[in-house]
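# A look at the structure
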Amino acid sequence: MNGFPLSRLPELMAAMAAVATVYCPLAGKFAPWTEGAVPELTGNTKLGPKDLFFPQVEDLVRFRVSGKDLEVLDTQLRQEPFVVFGVRACDCRALEILDRVFLTEPVDTFYQARRANGVVISLACQRPEETCFCGAFGIDGAEPGGDITAWQGEDTLFFRANTEKGQALLDRLPLQEAGEDGAEAAKAKTRAILQRLPLGNLSTQGFGQAENLLDLFNRPEWSELSASCLGCGACTFVCPTCQCYDIKEFDNGHEVCRYRCWDSCMYADFTLMSAGQPRPTQVERFRQRFMHKLQYFPANNGGIFGCVGCGRCLRQCPIHMNIVKVMKTLGGEDHAS
Ligand code: SF4
Ligand code: SF4
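Residues numbered from 1 in each chain as written. Chains lettered and ligands numbered in written order. Predicted model: local features only at pLDDT ≥ 70, side-chain atom pairs only at ≥ 80, totals over all residues. Heavy atoms only, no water.

## A short note on the sheet that holds strand 11 (residues 245–251)
The criterion, for reference: For two strands to count as paired, DSSP must find a minimum of two bridges between them. For the purposes of this entry, the term helix denotes a DSSP run of H or I that reaches at least four residues, the term strand denotes a run of E that reaches at least two, and both are numbered from the N terminus. Each axis is a line fitted through C-alpha atoms, taken for helices only over the stretch in contact, and angles between the N-to-C directions span 0 to 180 degrees. What makes two residues a contact is simply this: any of their non-hydrogen atoms within 4.5 Å.
Spatial ordering of the open sheet is given by 5-4-12-11, a layout of four strands whose pairing is antiparallel. The sheet is open, and its two edges are formed by strand 5 (69–74) and strand 11, each paired on a single side. Direction aside, the axes of adjacent strands within the sheet are offset by 25° on average. The strands touched by helix 4 (residues 109–117) are strand 4 (57–66) and strand 12 (256–262); relative to strand 4, the strand with the most contacts, the crossing angle is about 130°.

## Structural notes on the site of ligand 2
Spelled out, the test is: The criterion for a residue being near a molecule or strand is simple. One of its heavy atoms has to lie within 4 Å of it. Note on residue classes: Ala, Val, Leu, Ile, Met, Phe, Trp, Tyr, Cys and Pro are nonpolar, Asp, Glu, Lys and Arg are charged, and everything else, Gly too, is polar.
Taken together, Cys229, Leu230, Gly231, Cys232, Gly233, Ala234, Cys235, Met266, Cys317, Pro318 and Ile319 make up the full set of residues near ligand 2. Tallied by class, the residues present in the shell around ligand 2 amount to nine nonpolar, two polar and no charged.

## Some details on the side chain of Asp263
Here is the rule: Categorising residues by exposure relies on relative accessible area from a 1.4 Å probe, with only protein chains included: less than 20% of the type maximum marks a residue as buried, more than 50% marks it as exposed, and the intermediate range marks it as partly exposed. Here Asp and Glu are counted as negative and Lys and Arg as positive; His is not counted, and neither are the chain ends. When a carboxyl oxygen of Asp or Glu lies within 4 Å of a side-chain nitrogen of Lys or Arg, that pair is called a salt bridge.
Assignment of secondary structure puts Asp263 in the loop between strand 12 and helix 10 (282–300). No salt bridge forms around the buried Asp263; measuring N to O, its nearest opposite-charge neighbour Lys248 is 6.7 Å away. Each residue touching Asp263, except ones within four places of it in the same chain, is listed here: Phe237, Cys244, Tyr245, Asp246 and Phe270.

## Concerning a nonpolar patch on the surface
Convention followed: Surface patches are drawn from residues lacking salt bridges whose relative accessible area is over 30%; two like charges belong together within 9 Å, two nonpolar side chains (Val, Leu, Ile, Met, Phe, Trp, Tyr) within 5 Å. Note on areas: Shrake-Rupley with a 1.4 Å probe; residue coverage comes only from the protein chains shown.
A grouping of Val65, Leu70 and Val72 is seen on the molecular surface, where their side chains present a nonpolar patch of about 290 Å² in accessible area. Structurally, the position occupied by Val65 is in strand 4. Judged by relative accessible area, Val65 falls into the exposed class, the value being 52%.

## Things to note about unusual backbone geometry
Here the amide bond leading from Glu105 into Pro106 is cis, since omega sits at -5°, within 30 degrees of zero. Looking at where Pro106 falls in the secondary structure, it is placed in the loop between helix 3 (89–102) and helix 4. For Ala27, which is not glycine, the phi dihedral falls at a positive 50°. Within the secondary structure, Ala27 is located in the loop between strand 2 (21–26) and strand 3 (29–32). With a relative accessible area of 72%, Ala27 lands in the exposed category. Not every positive phi belongs to a glycine, and Thr271 is a case in point at roughly 70°. Along the chain, the position of Thr271 falls in the loop between strand 12 and helix 10.

## Some words on the domain arrangement of the protein
Going by this rule: As used throughout, domain bounds are those supplied by an automatic or database domain assignment. Once two parts are joined, some of their accessible surface, as seen by a 1.4 Å probe, is lost; buried area is that loss totalled over both. Here a polar contact means two N or O atoms within 3.5 Å. Within protein one must be a hydrogen donor candidate and the other an acceptor candidate, and residues neighboring in sequence count only if both atoms are side-chain atoms.
Per the domain assignment, the segments making up the protein are domain 1 (2–45 + 77–195) and domain 2 (210–335). Once you take the C-alpha centre of each, domain 1 and domain 2 turn out to be 28 Å apart. Tallying the contact residues gives 21 residues for domain 1 and 22 residues for domain 2. Of the roughly 1,800 Å² buried between domain 1 and domain 2, counting both surfaces, carbon and sulfur atoms make up 64%. Of all residues in domain 1, Ile97, Phe133 and Phe137 give up the largest surface area on contact with domain 2, accounting jointly for 33% of the area buried on that side. Remark: the boundary between domain 1 and domain 2 carries three salt bridges. Of the charged contacts in the structure, one is a salt bridge between Arg315 and Glu129, with a shortest N-O distance of 3.7 Å. The tally of links between domain 1 and domain 2 comes to eight residue pairs in polar contact (both at pLDDT 80 or more). When contributions to the side of domain 1 that touches domain 2 are tallied by element, the ones reaching two or more residues are helix 3 and helix 4. In terms of residue count, the dominant contributor to the side of domain 1 that touches domain 2 is helix 3 (nine residues). A per-class count over the side of domain 1 that touches domain 2 returns 13 nonpolar, three polar and five charged.

The following block contains the structure:
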């Protein structure tokens, strides 16, 4: 275990920034650290670090068409190294979920390049919020993953490398040796708070088993649950595990840029095809979002749910509909077949 005095955090950030661009929590999202910026190390960010690995808008390829000739101009893989500091346990699990999607054959080389070049420094939660329920999915806010795990003690930041990439970065920072006691005390404080959270006992019972799929799909409650949904997509855009995207092209008259951008299964034109729309109303779209997170994804990924309990959708939905209400309505022992 290594340590660094919290009072000298700017010095540590500068040392990291000398190695690579550092992104950290600033104004509610992960933004590049520059001298004088003070990372927000207490709560969680409004937006997770997903955008750094799977950008909201990303050029895939540019090409020029001349008659029957097609000239490919570049493929723009991100190759420069970067560091993401302050990633919470829920967002670390979210990256593991995105890995399962984008790093499974056929591998998404754009995402792969960013994952290969990014070093994730997680930070154990200090003040989990009332909307947090990561524990329901087996995530421990006091022991986050990433390439390096950090804990905030009374006056010290503690670091432990989890991967070779993480150790290589720690070796380049001006850290001191530190015992285990400070980090253990920080963990104990966090776990004491996690145990008292109002959604701490949320149950996943009734979800994720293949034999429940049809029962869950056909439950009449989907109509009432989705009745007020505006289809605004806010829940999907703040979600660290949502990974739907669209691919479009823009022709500026000289060349064509093919890009991808986040999309949302809550939108009326998502899955719209020339043959028609297989999800014609908001009931089907709404059901798809939650069935994917609570049923399809775990059924295909060894029981790992597609939600990490970050609580962001609880805070952002304008009609206060969310995955917790869905789980409470449709889940539980009584509903399991
Ligand atoms: S569904 Fe909501 S609580 Fe779950 S990971 Fe997405 S934003 Fe977080
Ligand atoms: S944020 Fe709320 S209203 Fe908007 S699409 Fe999601 S569930 Fe529907």
